[in-house]
Amino acid sequence: MQYETVALDEQEGALLIIDQTRLPGEVNILHLKEQKDIWQAIYLLQVRGAPAIGVAAAFGLYLAAKDIQADTWEQFYPAFQQAKDYLNSSRPTAVNLSWALNRMAKIAEANKEKSIPEIKELLRKEAVAIKAEDVWMCRQIGEHGLTLIKDGDGILTHCNAGQLATSKYGTALAPIHLGRERGMNIKVFCDETRPLLQGARLSTFELLADGVDTTVICDNMASQVMKNGWIDAVFVGCDRVAANGDACNKIGTSGVAILAKYYGIPFYVLGPTSTIDMSIEKGEDIVIEQRPPEEVTEMWYQQRMAPQGVKVYNPAFDVVDNALIAGIVTEYGIARPPFRESLQEIFRKKQENIPR
Ligand code: MRU
């Protein structure tokens, strides 16, 4: 795909994002300078997907910091903290948001003795590094994920965990894009992913742009395509993985995992370590975002399709029980059950790889 999901235009002092609410009909690049516009872009899912949200927030916080008029750390820090808390309030579930913002804050705090212009420059560098690392992590996830499939396989995916959800390649779709680069022919089935249709609109858009054999199905057709024998593995992304391997992802993912178990199809979660939250013990402790009812009753329809006054339940995410997961594919390899141990091992490898 020729478009960047998230970028910083330093000249203009703007966050550039491809407006994902307009895809696939219209490719519209937004130039966001105001904090409220960046907050809104995250909340409205103009930029979405856990890693992309983190990168957008890091650039957003840098832009906020750049505009703070201050000569001393004491003047600078409260305004910086306020901007950080504001961006952090845009969506609650994907841990990459707070992860990226905390990384930015740590850089500022570790350098509080420096001048304010120096701190601002370090923040810019950190945000750029977060994006570069995201590209690297996705590529590594792609390499590890590719070991799980072979030419001609059929993969079912849910939501969009592709390039549009990250800085490049994606997580769940990274093996597909890498496989394509290497001449493999993988067939991808995209759940449309009600209510916001990330599968139907976004995964299909980026997979077709890459020339991948792509089929969209309604969410309630997953069982049938599995029964048909068309699916060799399920690849999904994640928004927050708990220390025990319970994986939170787009609403509907847990149902797909249950179906995969029934049909004996391996179910893999692909995500960077920035999405693994070892401070959370188990899936039940993850805060699930609730979204406006109109996303269910009105969006995408010419006319409202549910009666006025009906109650609507619209959680944006659900949690896949770790017992249903064959592996969690990270940039440092594939964690297998039991996840409490294997995820710790992944973090040990990460620690060893930190440049000193
Ligand atoms: O509400 P969204 O579209 O931000 O949800 C996105 C997902 O659930 C993705 O699967 C997840 O963030 C992983 S993206 C690599």
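Residues numbered from 1 in each chain as written. Predicted model: local features only at pLDDT ≥ 70, side-chain atom pairs only at ≥ 80, totals over all residues. Heavy atoms only, no water.

As a further point, take the domain arrangement of the chain. Looking at the assigned domains, one finds that the chain contains domain 1 (6–138) and domain 2 (141–353). Here the C-alpha centre of domain 2 lies 25 Å away from the C-alpha centre of domain 1. Of the residues lining the interface, 28 residues belong to domain 1; the matching set on domain 2 comes to 38 residues. Summing both partners gives a buried area of about 2,700 Å² for domain 1 against domain 2, and 57% of it is carried by carbon and sulfur. (Domains from an automatic or database assignment. Contact = heavy atoms within 4.5 Å. Buried area = accessible area lost by both parts, 1.4 Å probe.)

Along helix 9 (residues 253–263), the residues classified as buried are Thr253, Ser254, Val256, Ala257 and Ala260. In an axial view of helix 9, the angular spread of the buried residues amounts to 155 degrees, which keeps them on one side of the axis. Facing away from the buried side of helix 9 by over 90 degrees, the exposed positions are Ile258 and Tyr262. The positive-phi residue at the C-terminal boundary of helix 9 is glycine 264, with phi of around 70 degrees. (Buried < 20%, exposed > 50% of the residue type's maximum accessible area, 1.4 Å probe, protein only. Helix = DSSP H or I, 4+ residues; strand = E, 2+ residues; numbered from the N terminus. Arc of directions from axis to C-beta.)

Our next topic: the site of the ligand. Neighbouring residues of the ligand: 19 residues in total, closest Arg48, Arg91, Asp239, Asn249 and Lys250. In the model, an oxygen atom of the ligand is placed 2.8 Å from a nitrogen or oxygen of the arginine 91 side chain. At 2.6 Å from an oxygen atom of the ligand is found a side-chain nitrogen or oxygen belonging to asparagine 249. Of all elements in the fold, only helix 2 (50–66) and strand 9 (247–250) reach the threshold of two or more residues within the shell around the ligand. Each residue belonging to the shell around the ligand can be placed in one class, and the counts come to eight nonpolar, seven polar and four charged. Two domains each provide a minimum of three residues to the shell around the ligand, namely domain 1 (6–138) and domain 2 (141–353). (Near = heavy atom within 4 Å. Polar contact = N/O pair within 3.5 Å; in protein donor to acceptor, adjacent residues only side chain to side chain. Nonpolar A, V, L, I, M, F, W, Y, C, P; charged D, E, K, R; others polar.)

Moving on: the sheet that holds strand 11 (residues 276–277). The strand order 11-8-9-12 describes an open sheet built from four strands, whose pairing is mixed. Edge positions in the sheet fall to strand 11 and strand 12 (317–320), since each has one partner strand and no second. As judged from the two bridges shared by strand 8 (residues 240–242) and strand 9, these two strands associate in the antiparallel manner. Across the sheet, the residue bridging to arginine 240 is cysteine 248, located in strand 9. (Pairing = 2+ DSSP bridges.)

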